[in-house]
Amino acid sequence: MRLPLLGWAFFYAMLQLVVLMQYTNAAPLDFAYAVHIAMRLSTVAFMLLVAAAVIARTRPSGKASGLEPRVSALVGSFLTYGIVLFPRHDLSPPLELISTLLILVGTAGAVAALCQLGRSFSVMAESRQLVTSGPYRFLRHPLYLTEEIAIIGLFMQFASLWTALFLPVHVAIQLRRIHNEETVLSAKFPEYAAYKRNTSRLIPGIY
């Protein structure tokens, strides 16, 4: 799993850098420009952190059994990239800014969560070290939450009846991934039960 994920992370990071260079040569210098630059840079940082985590991570101490957790992990990780295969819409400047801000907030939050996960990061439902610090002090799955925020921003740029089908399917798959991961962590770490009682799954104080 390491080599395909590494290849994808580096490819997508380089693609974002190319788009960033094209944008800097064409866009006017204003607030929207700065937000867009920050969004692209945070996306590049996230993909490079994914690559670094894949290289540095330790061997898992536990794994989900069966085929479904593996399929859910792969589909959940890559399904939404299919959105960009559909026609992109020209949004009004305010909506374009909102979309870019959502992607920026999502990717920047994902960077923070991934930095905290470090060598415990995994696409599959696996256990390495139980991380309960940083954003994981309050939420059990901040990485999933921040990714969904970014995906909503991306969806705004490609919104259609067909792309709207991606969102509920993706959310359902991500919830299944969360269930699979919590099952593995509960089996491996006795203290996980107490951690679950004191934290929210995705939304503080709500869920």
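Here the structure is shown first, and the text comes after it.
Cut-offs applied
Residues numbered from 1 in each chain as written. Predicted model: local features only at pLDDT ≥ 70, side-chain atom pairs only at ≥ 80, totals over all residues. Heavy atoms only, no water. Phe/Tyr/Trp six-rings, centres within 6.5 Å; stacked < 30°, edge-to-face > 60°. Helix = DSSP H or I, 4+ residues; strand = E, 2+ residues; numbered from the N terminus. Axes fitted to C-alpha atoms, helices over the stretch in contact; angles between N-to-C directions. Parallel < 35°, antiparallel > 145°, perpendicular 65-115°, else oblique. Left-handed = near helix turned anticlockwise from the far one by under 90°. Contact = heavy atoms within 4.5 Å. Patch = residues over 30% accessible without salt bridge, like charges linked within 9 Å, V, L, I, M, F, W, Y side chains within 5 Å. Areas by Shrake-Rupley, 256 points an atom, 1.4 Å probe, with all protein chains shown as cover. Salt bridge = Lys/Arg side-chain N within 4 Å of Asp/Glu carboxyl O.

Peer 1: Can you walk me through the packing of aromatic side chains in this structure?
Peer 2: When we look at a pair of aromatic rings, we describe it by the centre distance and by the angle of the planes. Inspection of every chain in the model, using the stated rule, returns eight aromatic pairs. On the basis of an interplanar angle of 85° and a centroid distance of 6.0 Å, the ring pair of Trp 8 and Phe 78 is categorised as edge-to-face. With Trp 8 in helix H1 (residues 2-26) and Phe 78 in helix H3 (residues 68-78), this pair connects stretches of sequence that are 70 residues apart. Note on Phe 78 and Tyr 81: the rings are 6.3 Å apart at their centroids and 40° apart in plane angle, and the pair reads as tilted. Pairwise contacts between aromatic rings join Trp 8, Phe 11, Tyr 12, Phe 78 and Tyr 81 into one cluster.

Peer 1: Hey, could you run me through the packing of helix H2 (residues 31-56) against helix H4 (residues 93-117) in this one?
Peer 2: The angle between the axes and the distance between the axes are what describe a pair of packed helices. At their nearest, the axes of H2 and H4 sit 8 Å apart, and the two run at 30° to each other. With respect to H4, the axis of H2 lies roughly parallel. Classified by chirality, the crossing of H4 by H2 is left-handed. Taken together, the residues of H4 that come into contact with H2 (itself represented by Phe 31, Ala 32, Val 35, His 36, Ala 38, Met 39, Ser 42, Thr 43, Ala 45, Phe 46, Leu 49 and Val 50) are Leu 97, Thr 100, Leu 101, Ile 103, Leu 104, Thr 107, Ala 108, Ala 110, Val 111, Leu 114 and Cys 115.

Peer 1: Hey, could you run me through a nonpolar patch on the surface in this one?
Peer 2: A cluster of nonpolar side chains, Val 171, Leu 175, Ile 203, Ile 206 and Tyr 207, forms an exposed patch at the surface whose accessible area comes to about 440 Å². With respect to the element layout, Ile 203 can be found in the segment after helix H8 (192-197).

Keep in mind these numbers describe shape, not what the thing actually does.
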